[in-house]
Amino acid sequence: MSSGTYTPRPGAAPLPRMIAAQTALETRMLLRNGEQLLLTVIIPSLLLVLFGTVDIIDTGEGDAVDFLAPGVLALAVMSTAFTGQAIATGFERRYGVLKRLGASPLPRWALMCAKTLSVLVTEVLQVALLTAIAFGLGWSPHGNPLSVLLLLLLGTAAFSGLGLLMAGTLKAEATLAAANLVFLLLLVGGGVIVPLDKFPDAVRSVLGLLPISALSDGLRDVLQHGAGVPWGNLGILAVWAVLGLGAAARFFRWE
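Residues numbered from 1 in each chain as written. Predicted model: local features only at pLDDT ≥ 70, side-chain atom pairs only at ≥ 80, totals over all residues. Heavy atoms only, no water.

**Observations regarding the packing of helix H6 (residues 145–169) against helix H9 (residues 211–223)**
Reasoning step 1: The geometry of H6 relative to H9 is characterised by a closest axis approach of 10 Å and an angle of 170° between their N-to-C directions. In terms of their interaxial angle, H6 and H9 are classed as roughly antiparallel. Contacts from Ser 147, Val 148, Leu 151, Leu 152, Gly 155, Phe 159 and Leu 162 in H6 reach Pro 211, Ile 212, Leu 215, Gly 218, Leu 219, Val 222 and Leu 223 in H9.
Reasoning step 2: Of the residues belonging to the contact of H6 with H9, the class tally is 11 nonpolar, 3 polar and no charged. (Axes fitted to C-alpha atoms, helices over the stretch in contact; angles between N-to-C directions. Helix = DSSP H or I, 4+ residues; strand = E, 2+ residues; numbered from the N terminus. Parallel < 35°, antiparallel > 145°, perpendicular 65-115°, else oblique. Contact = heavy atoms within 4.5 Å. Nonpolar A, V, L, I, M, F, W, Y, C, P; charged D, E, K, R; others polar.)

**Some points on the nonpolar core**
Reasoning step 1: Ranked by internal contacts, the top residues of the largest apolar core, which has 43 residues, are Met 78, Phe 159, Ile 193, Leu 215 and Leu 219.
Reasoning step 2: Elements represented by at least two residues in this core include exactly helix H2 (34–53), helix H3 (64–94), helix H5 (108–136), H6, helix H7 (172–189), H9 and helix H10 (231–251).
Reasoning step 3: At 15 residues, the largest contribution of residues to this core is made by H3.
Reasoning step 4: Setting aside its immediate chain neighbours within four residues, Met 78 contacts Thr 83, Phe 159, Phe 183, Leu 186 and Ile 212. (Core = buried A, V, L, I, M, F, W, Y, C linked by side-chain atoms within 4.5 Å. Buried < 20%, exposed > 50% of the residue type's maximum accessible area, 1.4 Å probe, protein only.)

**Here we look at the layout of surface pockets**
Reasoning step 1: A volume near 330 Å³ is recorded for the largest pocket.
Reasoning step 2: Mapped by element, the contributors of at least two residues to the lining of the largest pocket are helix H1 (15–32), H2, H3 and H5.
Reasoning step 3: Here the element with the most residues in the lining of the largest pocket is H3; it accounts for 7 residues.
Reasoning step 4: Of the residues belonging to the lining of the largest pocket, the class tally is 7 nonpolar, 6 polar and 4 charged.
Reasoning step 5: Its boundaries defined by the atoms lining it, the second largest pocket holds a volume of some 250 Å³.
Reasoning step 6: If you trace the second largest pocket, you find 15 residues lining it, with Thr 59, Phe 67, Pro 195, Asp 197 and Arg 220 closest to the centre.
Reasoning step 7: Of the residues that constitute the lining of the second largest pocket, the class distribution is 3 nonpolar, 5 polar and 7 charged. (1 Å grid on protein atoms, 1.4 Å probe; cavity = no way out; pocket = protein on both sides within 12 Å on 5 of 7 lines; lining within 4 Å. Points joined across faces, edges and corners; volume = space filled by probe spheres on them.)

**Observations regarding the pattern of salt bridges**
Reasoning step 1: Tallied over the entire structure, the rule returns 5 salt bridges.
Reasoning step 2: Across the pair Lys 115 and Glu 26 runs a salt bridge, and its minimum N-O distance is 3.3 Å. Highlighted residues: Lys 115 in helix H5 and Glu 26 in helix H1, separated in sequence by 89 residues. You'll find Lys 115 and Glu 26 in the same group, each marked buried.
Reasoning step 3: A salt bridge links Glu 173 to Arg 94; the shortest N-O distance between them is 2.4 Å. A residue pair is termed long-range when its members are at least 10 positions apart, and Glu 173 in helix H7 and Arg 94 in helix H3 qualify at 79 residues.
Reasoning step 4: Put simply, Glu 26, Glu 92 and Lys 115 are held in one network by salt bridges that share partners. (Salt bridge = Lys/Arg side-chain N within 4 Å of Asp/Glu carboxyl O.)

**Focus: the packing of aromatic side chains**
Each aromatic ring pair is specified by the distance between its two centres and by the angle formed by the two planes.
Reasoning step 1: Counting across every chain of the model gives 3 aromatic pairs.
Reasoning step 2: Seen from their ring centres, Phe 135 and Trp 139 are 5.7 Å apart, and the 35° between their planes marks the pair as tilted.
Reasoning step 3: Note on Phe 135: relative accessible area 47%, which makes it partly exposed.
Reasoning step 4: Judged by its relative accessible area of 8%, Trp 139 is buried.
Reasoning step 5: Taking 5.5 Å as the distance between ring centres and 70° as the angle between the ring planes, the aromatic pair formed by Phe 252 and Trp 254 counts as edge-to-face.
Reasoning step 6: Trp 254 gets classed as buried once you look at its relative accessible area, which sits at 14%. (Phe/Tyr/Trp six-rings, centres within 6.5 Å; stacked < 30°, edge-to-face > 60°.)

**Regarding the environment of Thr 80**
Reasoning step 1: Assignment of secondary structure puts Thr 80 in helix H3.
Reasoning step 2: Taking the relative accessible area as the measure of exposure, Thr 80 reaches 0% and is therefore buried.
Reasoning step 3: On a C-alpha basis, the gap between Thr 80 and Leu 215 in space is 14 Å, while along the polypeptide they are 135 residues apart.
Reasoning step 4: Every residue in contact with Thr 80, bar those within four places of it in the chain, is listed here: Thr 40, Gln 85, Val 119, Thr 122, Glu 123 and Gln 126.
Reasoning step 5: Within the local environment of Thr 80, its side chain forms a polar contact with the side chain of Gln 126, the two groups lying 2.6 Å apart. (Polar contact = N/O pair within 3.5 Å; in protein donor to acceptor, adjacent residues only side chain to side chain.)

So, in C-alpha cells, the structure goes:
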C-alpha cells in the first residue's frame, strides 16, 4: 500500500457533479412536498379526467380531451416552473437557505441552473403521467414533437423567470398568496379549460398575450390541429422569457 493512498484532497467537487447533486436534492424536495404535489400532479390530472369525461364546458368540435390535453400540459408547466418554484424559492430565501447556499462552493448561477434542471425533471414526469391519462381518455395527438418540445422549453423559461422574480423580490407570505392567486386566474382565463373565444373580443386580445395562453394555444395548434411551428406563440413566450429572466437576474435578492 502506498503512503499516499489516504492523502486527503481538499477542495470543491467538479462543477458538473455539484450541479447534478443539487439538482437531485431539489427534485427530491419538490416531490416530497405535499402542496407541490397537489399543484404539479393532482390538480392537472383531476382537471383532465373531470373535464375530459363530463360534458361541462363546450370545447368545440371533436373530443373534449383533444382540446383539454394541450391546455393541461401547459398548466403543468406553469404549476411547476412558476407557482411551485416561486413558493419554494421564496421560503428558502426567507429561512436563509439561499444565503447559505450562496456562500458554498456552488456558484449562485449554478444553483439557479440546478433549480431549472429540477423543474425540467419534474416536468418530464408530469408530461409522461398526463399523456398516459390523456391516451386512456382517447386522445389522438398530431403534429411535430420538436415543435412541442420547443414550446415546452420556452414556456418553462418564461414561467421560471417570472417565478424567480416573484420569489426574489416579495416576502415569502406574499409570494405564497400571489403565486396561488395568479395560478387560479390563469387557470380560468388562460385558455387552459375555457376556450379563449368564449371571452369578449377586447378581453381575448389581452389574454392571448399571456404566457399561459401562448403555450396552451401553441400546443393545441400542434397537437390538436397538426400545425407546423407556431411562430407567433413562440415569439410571445420568448419575449416573456427574456423579460422574466432578465428582471429576475437584475432584481433578485438573496436575503
